[in-house]
Amino acid sequence: MGDLLLVRHGETAWSLSGQHTSWTDLPLTDNGRAQARSLAPLLTSHRIGCAFSSPMKRARETAELAGLEHVRVDSDLCEWDYGGYEGVTSSDIHRTRPDWFLFDDGVAPGPPEHPGETPEQVGARADRMLTKAEAALADHEGSVVLVSHGHFLRVLTARRLGLPPSAGALFQLATGTIGRLGTEHGRHVLAGWNVRPGS
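Residues numbered from 1 in each chain as written. Predicted model: local features only at pLDDT ≥ 70, side-chain atom pairs only at ≥ 80, totals over all residues. Heavy atoms only, no water.

### What about the overall build of the protein chain?
Right, so step 1: Along the backbone of the protein chain there are eight helices and six strands.
Right, so step 2: The linear arrangement of helices and strands in the protein chain, starting from the amino end, is β-α-α-α-β-α-β-α-α-α-β-α-β-β.
Right, so step 3: Computed over its C-alpha atoms, the radius of gyration of the protein chain comes to 16 Å, within 12% of the 16 Å expected for a compact globule of 199 residues.
Right, so step 4: If you line up the protein chain on its principal axes, its C-alpha atoms span 50 × 35 × 30 Å.
Right, so step 5: Looking at the 199 residues of the protein chain, the share that counts as buried comes to 49%.
Right, so step 6: Pairs at least 24 apart in sequence give 69% of the contacts found in the protein chain among residues at least 6 apart.
Right, so step 7: Taken as a whole, the protein chain presents about 9200 Å² of accessible surface, with 51% of it coming from carbon and sulfur.
Right, so step 8: Computed over 19 positive and 24 negative side-chain charges, the separation of the two mean positions in the protein chain equals 3 Å. (Helix = DSSP H or I, 4+ residues; strand = E, 2+ residues; numbered from the N terminus. Rg over C-alpha atoms; globule rule 2.2 N^0.38 Å. Buried < 20%, exposed > 50% of the residue type's maximum accessible area, 1.4 Å probe, protein only. Contact = heavy atoms within 4.5 Å. Areas by Shrake-Rupley, 256 points an atom, 1.4 Å probe, with all protein chains shown as cover. Lys, Arg positive; Asp, Glu negative; His and termini not counted. Charge placed at Lys NZ, Arg CZ, Asp CG, Glu CD.)

### A short note on the packing of helix α2 (residues 30-38) against helix α4 (residues 57-65)
Right, so step 1: Where α2 meets α4, the closest approach of the two axes is 7 Å, and the angle between their N-to-C directions is 45°. As the angle between them shows, α2 and α4 are arranged oblique. Helix-helix and strand crossings are classified by hand; for α2 and α4 the assignment is right-handed. Taken together, the residues of α4 that come into contact with α2 (itself represented by Arg 33, Ala 36 and Arg 37) are Glu 61, Thr 62 and Leu 65.
Right, so step 2: Residue composition of the contact of α2 with α4, grouped by class: two nonpolar, one polar and three charged. (Axes fitted to C-alpha atoms, helices over the stretch in contact; angles between N-to-C directions. Parallel < 35°, antiparallel > 145°, perpendicular 65-115°, else oblique. Left-handed = near helix turned anticlockwise from the far one by under 90°. Nonpolar A, V, L, I, M, F, W, Y, C, P; charged D, E, K, R; others polar.)

Any link to function would need more than the numbers given here.
Given below as C-alpha cells:
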C-alpha cells in the first residue's frame, strides 16, 4: 500500500503576515507559485495513484503548479474554520487572551456561515478525510496526495498516528512543503516532514 503525501499550499499574503486564513480565498504570491512548482520533482519521484485538494484557490493552484492531474476537490480538506479569528494574527489574539492556544482552545465564534470549529470538530473532519484516503489507497496503486492547509494537515497527521486532534500542535508545517505518512510493521508512522527541494 502507498503512502499519504500531504502537501501544504504555497505562500499567500496572509500566510506571510501570519493572519489566520480559512475561508478567505486568497491566491498564491509569486513566491508561493514558485514553491508549488518546486514540489513537482518531489511528487513525480513517487507513484501517485490519486490526488485530492481543498476547494480553496491557494490549494487548487498549488496542485496544478505541482503537476498533479485529475485532482478530486473535497471540502473536508478545507482549513480549520477560524470563526471570529479569520484574518487575525496570533499576536493580536494574545493581547486579549494571552494564554490562548489554537489546538487546545479553538477559536472565537464567527458569523453564522463561519461559526468556527473546535479541535474535536476538525479532528472529526480529518477522520472523514482519512477514511476517503484509505479507500483511495485500496483502490489505486501508489500513494495518495492530499493538498490542503497547515493547521488542518497537522490535525490530520495527529489522527493518522492515533493521537488526539490537539497533538497537531507537535507537527509544524511550512508553506510549500510535503509530509509523508507511511507504515512500518503495520503501524502508521511519520516518514518525512517539511520536505522541500534540497532539504
